[in-house]
Protein chains: 2
Amino acid sequence: MKKENSAPTMKDVAREAGVALGTVSKVVNGLPVGEPYRLRVEEAIRKLNYQVNSYAQGLKASKTYTAALLIPNTKDPFFASLTYYINMALLKRNYRMLLCCTDFDSRLEQEYINMAQQNKVDGIIGLTYNPGLKIEEHTPFVSIDRSMGVKIPCVASDNFAGGQLAAEKLADFGCKNVAFLRIGSSLSNEPNKRKSGFENGCLARGLSYEMKILNDGDSFDEFEQFLREHMQEGKLSFDGIFCVTDRVAWSVLGILKKLGQKVPKDVQVIGFDGIHVFGEGNYVCSTILQPIPDIAELCVELLLQENIMPKTPLVCLPVTYVPGGTTLDPSGEQG
Amino acid sequence: MKKENSAPTMKDVAREAGVALGTVSKVVNGLPVGEPYRLRVEEAIRKLNYQVNSYAQGLKASKTYTAALLIPNTKDPFFASLTYYINMALLKRNYRMLLCCTDFDSRLEQEYINMAQQNKVDGIIGLTYNPGLKIEEHTPFVSIDRSMGVKIPCVASDNFAGGQLAAEKLADFGCKNVAFLRIGSSLSNEPNKRKSGFENGCLARGLSYEMKILNDGDSFDEFEQFLREHMQEGKLSFDGIFCVTDRVAWSVLGILKKLGQKVPKDVQVIGFDGIHVFGEGNYVCSTILQPIPDIAELCVELLLQENIMPKTPLVCLPVTYVPGGTTLDPSGEQG
């Protein structure tokens, strides 16, 4: 005899809906059934407050409705914003998201990839700097900003076009002598294309340019040294600076203040990313805006799609320029 | 006959370790066994590369080694930092973390709490503004910043002491007439104690003070209006301002600039939280620092502890003052 207060089973749902047990199973597992059957089953599920047992479901259907996100941390505002929008894109599709802040720990990254390979999660979205990861073919993995091999889709902003756009904007706003300041991983990755794009744009628009390239771990003091070397009689020889990230731009704005240079009157500054100090409100500088909500949506779409092969190997999403008070935009608008 | 390449089972581990099957099961499920047995089992697991099936394990042991974090979003830098440190504290203990950015959606919050009540996750850490959540007794739930009832532990900074400390610091640095600016939820919660603490500190140190309290959704323009009303002949009548968060302080610094007031010479500003613009580096203002790593560790400790009753209903962790360039610290140090 069934106890009054025991949890309803799939059988109870079938009885309530007046359908076969297999129909309930199909609905619960997201398989196609006729619309009227689906509606009856869903109503019975609601009425009985039937709770799908995800673990049993995981064993049977090899579906966990869970994806994992590998990201270095959520303290950096770019990573924090990506995490938010990927979480939203998954929750919208009734997927849960395991978050794994890796702090660049390759052992942790590999552990989560193994989970995907063992079907303990349905897939992984990862932003990793680790070229040695072992990802078997057909592992549901979508990479952000870094190509991991032809079978693994990679989603990024159009970094090359972004660099080019920065050069064009500086030229439009009257600059003649510009600099590019970069710090970051020397590994091959998508953001590295900002440099080539910028060079390309400078050449196309006849801007003379210099570059200062630092590696991860180098001190921002080297940017100060570089800029000091380009001062003559209290005046900087550059009238425009493109910084590889808003974070670099933020530091450079501090250095320029120290050197007595007025921004944007004496020197204009463009960053990259589109960071808001408190997650919303003003941008920290004029910048090339990464379309983070679009990147998030596309990562989730590519991860959850089924039977679409071959997967697109690299998708570069369009970027835009936004004013943020560190450039002489003719319209005078401030982001 | 066992296939050469099939995955090793618990039986294989028992054979390899030379122990009973039950001993392997205990080790895998984190139950106590003699140290030499545990070491032998762990070595066998490593040697055979035995992978625990978490779903089967979830069904058997009612342990998922997964906790969920409910947080409004990860775009706000305070939430982003909390998310990072809670993730780290869980990963360190070999727990996975489901992230659920709620955007204040109470339906989503309730769904995750139901998961905990059905043992689909081992527990929930939540920062919620929703007083109507149904949390059954004995649900493993730890609340941040908001008391949810006597059976649910709540972890927060010592917000009262923080408000008091802000008043004391402003007094120490020479202020006589101060203001408190607040925006936020009017629901009863721990951060609301900043106001009472500040009042207390002002009274103890003989500071005259005024308050401007806005509700969530009000425009920051009202702070500008309030400050304008306290200007006489181009001079602000306050020489010190305590802002309820660094975010408010950031806006107020912009307003003060617009009003031609020099910070910290004309007016000193202290915020609350300890936000770094890019997740590290300088603070955005002199501030009362919340001990986020300690909050994270304690939440996880309280969530995962077993058989310790009654759980502590409210823990307020000590805060500290850090200079950030918006106060006249006698030592001249800048955070």
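Residues numbered from 1 in each chain as written. Chains lettered and ligands numbered in written order. Predicted model: local features only at pLDDT ≥ 70, side-chain atom pairs only at ≥ 80, totals over all residues. Heavy atoms only, no water.

K.L.:
Teacher, can you tell me more about a nonpolar patch on the surface here?
P.N.:
Together, Phe104, Tyr129 and Leu187 of chain A line one region of the surface with nonpolar side chains, adding up to about 260 Å² of accessible area. Secondary-structure assignment places Phe104 of chain A in the loop between β2 (96-101) and α6 (106-117). (Patch = residues over 30% accessible without salt bridge, like charges linked within 9 Å, V, L, I, M, F, W, Y side chains within 5 Å. Areas by Shrake-Rupley, 256 points an atom, 1.4 Å probe, with all protein chains shown as cover. Salt bridge = Lys/Arg side-chain N within 4 Å of Asp/Glu carboxyl O. Helix = DSSP H or I, 4+ residues; strand = E, 2+ residues; numbered from the N terminus.)

K.L.:
Can you walk me through the confidence of the model for chain A in this structure?
P.N.:
Detail in the predicted coordinates should be disregarded across regions flagged by low pLDDT. All names here are of chain A. When pLDDT is averaged along chain A, the result is 88, and 91% of the positions lie at 70 or above. Overall, residues 54-61 carries pLDDT values under 50, and its contacts beyond four positions in sequence, including any with other chains, amount to 20 contacts. Both confidence scores are given for the complex: pTM 0.79, ipTM 0.75. (pLDDT = per-residue confidence, 0-100. Contact = heavy atoms within 4.5 Å.)

K.L.:
Which parts of the structure should I look at to understand the interface of chain B and chain A?
P.N.:
Accessible area lost when the parts come together is the quantity often used to give the size of an interface. At the interface, 46 residues of chain B touch 47 residues of chain A. A buried area of about 4100 Å², summed over both sides, lies between chain B and chain A, and 63% of it is on carbon and sulfur atoms. On inspection of chain B and its partner chain A, the count reaches 2 salt bridges. Here Glu280 of chain B and Arg247 of chain A are joined by a salt bridge, their closest N and O atoms 2.5 Å apart. On inspection of chain B and its partner chain A, the count reaches 16 residue pairs in polar contact (both at pLDDT 80 or more). For the side of chain B that touches chain A, the secondary-structure elements that each account for two or more residues are α4 (54-61), α5 (77-92), β2 (96-101), α6 (106-117) and α10 (246-258) of chain B. Here the side of chain B that touches chain A gets 9 residues from one element, more than from any other, and that element is α5 of chain B. Each residue belonging to the side of chain B that touches chain A can be placed in one class, and the counts come to 24 nonpolar, 14 polar and 8 charged. Pairing of β2 of chain A with β2 of chain B involves 3 bridges; the strand directions are antiparallel. (Buried area = accessible area lost by both parts, 1.4 Å probe. Polar contact = N/O pair within 3.5 Å; in protein donor to acceptor, adjacent residues only side chain to side chain. Nonpolar A, V, L, I, M, F, W, Y, C, P; charged D, E, K, R; others polar. Pairing = 2+ DSSP bridges.)

K.L.:
Even after reading the chapter, I still don't get unusual backbone geometry, so can you show me in this structure?
P.N.:
Backbone phi values are negative for most residues with the exception of glycine, while trans is the configuration of most peptide bonds. Residue Pro264 of chain A is bonded to the preceding Val263 of chain A through a cis peptide linkage, with omega at 5 degrees. Inspection of the secondary structure puts Pro264 of chain A in the loop between α10 (246-258) and β11 (268-273). Of note in this structure, Tyr65 of chain A is not a glycine but carries a positive phi near 50 degrees. With respect to the helices and strands, the residue Tyr65 of chain A is situated in the loop between α4 (54-61) and β1 (66-71). The backbone phi angle of Asp103 of chain B is positive, close to 50 degrees, even though this residue is not glycine.

K.L.:
Would you take a moment to explain the sheet that holds strand β10 (residues 240-243) of chain B for this structure?
P.N.:
What links the strands of a sheet is backbone hydrogen bonding, and the strands pair in either a parallel or an antiparallel sense. All names here are of chain B. Pairing is mixed across the open sheet formed by 6 strands, whose spatial order is β7-β6-β10-β11-β12-β14. The open sheet terminates on both sides in strands that have one partner only, identified here as β7 (208-215) and β14 (320-322). On average, each strand axis in the sheet is inclined to that of its neighbour by 25 degrees, with strand direction left out of account. Summarising the sheet, strand β6 (residues 177-184) and β10 pair through 4 bridges and their orientation is parallel. The partner of Phe180 across the bridge, within β10, is Phe242. (Axes fitted to C-alpha atoms, helices over the stretch in contact; angles between N-to-C directions.)

K.L.:
What is the right way to look at the pattern of salt bridges in this model?
P.N.:
Note that side chains of opposite charge can pair when their charged atoms are close. Residue and element names in this part refer to chain A. Under the defined criterion, the tally for this structure stands at 32 salt bridges over all chains. Between Arg247 and Asp76 there is a salt bridge whose closest N-O contact spans 4.0 Å. Of this pair, Arg247 sits in helix α10 while Asp76 sits in the loop between β1 and α5 (77-92), and the two are 171 residues apart along the sequence. Given a relative accessible area of 27%, Arg247 falls into the partly exposed group. Lys92 is the partner of Glu297 in a salt bridge, and the nearest nitrogen-oxygen pair spans 2.7 Å. Residue Glu297 is found in helix α11 (residues 292-304), and its partner Lys92 is found in helix α5; the two are separated by 205 residues along the sequence. Among the residues examined, Lys92 registers a relative accessible area of 58% and is labelled exposed. (Buried < 20%, exposed > 50% of the residue type's maximum accessible area, 1.4 Å probe, protein only.)

K.L.:
I tried to follow the packing of helix α7 (residues 159-172) of chain B against helix α8 (residues 193-205) of chain B on my own but got confused; where do I start?
P.N.:
The packing of two helices is summarised by the inter-axis angle and the distance between the axes. Residue and element names in this part refer to chain B. Close contact between α7 and α8 brings their axes to 6 Å; oriented N to C, the two are set at 35 degrees. Like other packed secondary-structure pairs, α7 and α8 cross with a definite hand, here right-handed. Of the residues in α8, those in contact with Asn159, Phe160, Gly163, Gln164, Ala166, Ala167, Glu168, Leu170, Ala171 and Asp172 of α7 are Lys193, Arg194, Ser196, Gly197, Phe198, Asn200, Gly201, Cys202 and Arg205. Here the residues of the contact of α7 with α8 are counted per class, giving 7 nonpolar, 7 polar and 5 charged. (Left-handed = near helix turned anticlockwise from the far one by under 90°.)

K.L.:
Mind showing me how you'd approach the nonpolar core here?
P.N.:
The biggest cluster of nonpolar side chains holds 146 residues, and the ones touching the most others in it are Ile86, Leu227 and Ile241 of chain A together with Ile86, Leu227 and Ile241 of chain B. Leave out the neighbours within four places in its chain, and Ile86 of chain B touches Leu69, Met97, Ile125, Ile144, Ala296 and Val300 of chain B. The next biggest cluster of nonpolar side chains, apart from the first, holds 33 residues, and it includes Leu133 of chain A together with Leu91, Met115 and Ile124 of chain B. (Core = buried A, V, L, I, M, F, W, Y, C linked by side-chain atoms within 4.5 Å.)

K.L.:
Mind showing me how you'd approach α5 of chain B here?
P.N.:
One turn of the α-helix equals 3.6 residues, which is why residues spaced by three or four share an orientation. Residues and elements named next belong to chain B. An ideal rise of 1.5 Å per residue puts 22 Å on 16 residues; α5 measures up with 22 Å between its terminal C-alpha atoms. In terms of residue burial, α5 counts as a mostly covered element, since 13 of its 16 residues are buried. The distance from a side-chain oxygen at the start of α5 to the backbone nitrogen of Phe78 is 2.9 Å, and the residue carrying that oxygen is Asp76. Just downstream of α5, Asn94 is the residue with a positive phi angle, here 60 degrees. (Expected span 1.5 Å × (residues − 1).)

K.L.:
Can you walk me through the packing of α5 of chain A against α11 of chain A in this structure?
P.N.:
Residue and element names in this part refer to chain A. Close contact between α5 and α11 brings their axes to 8 Å; oriented N to C, the two are set at 45 degrees. Taken together, the axis directions place α5 and α11 in an arrangement best described as oblique. The element α5 and its partner α11 pack so that their crossing is right-handed. For the pair formed by α5 and α11, the contact residues are Phe78, Ser81, Leu82, Tyr85, Ile86, Ala89, Leu90 and Lys92 on the first element and Ile292, Pro293, Ile295, Ala296, Glu297, Val300 and Leu304 on the second. Classifying every residue of the contact of α5 with α11 gives 12 nonpolar, 1 polar and 2 charged. (Parallel < 35°, antiparallel > 145°, perpendicular 65-115°, else oblique.)

K.L.:
Any chance you could explain the relation of the copies chain B and chain A here in plain terms?
P.N.:
Relating the two copies of this chain is a rotation about some axis coupled with a shift parallel to it. Under the fitted operation, chain B is carried onto chain A by 0.0 Å of movement along the axis and a turn of 180 degrees, and the coordinates agree to an RMSD of 0.2 Å. Such a combination of turn and shift is consistent with a two-fold rotation axis. Taking C-alpha positions as the reference, the residue of chain B nearest the rotation axis is Leu98 of chain B, at 2.1 Å. Counting the interface residues of chain B, we find that 100% of their copies in chain A are interface residues as well, pointing to one common contact surface. (Least-squares fit on C-alpha atoms with pLDDT ≥ 70 in both.)

K.L.:
Looking at this model, I keep getting lost on the packing of aromatic side chains. Mind explaining?
P.N.:
The description of two aromatic rings rests on the distance between their centres and on the angle between their planes. Residues and elements named next belong to chain A. The full count for this structure, using the stated rule, is 25 aromatic pairs over all chains. On the basis of an interplanar angle of 50 degrees and a centroid distance of 6.4 Å, the ring pair of Phe242 and Phe272 is categorised as tilted. With Phe242 in strand β10 (residues 240-243) and Phe272 in strand β11, this residue pair connects regions lying 30 residues apart in the sequence. Given the relative accessible area of 0%, Phe272 is considered buried. An aromatic cluster of three or more residues is present, and its members are Phe180, Phe198, Phe242 and Phe272. The side chain of Arg194 reaches across the aromatic face of Phe272, ending 3.8 Å from its centre. (Phe/Tyr/Trp six-rings, centres within 6.5 Å; stacked < 30°, edge-to-face > 60°. Lys NZ or Arg CZ within 6 Å of the ring centre and 35° of its normal.)

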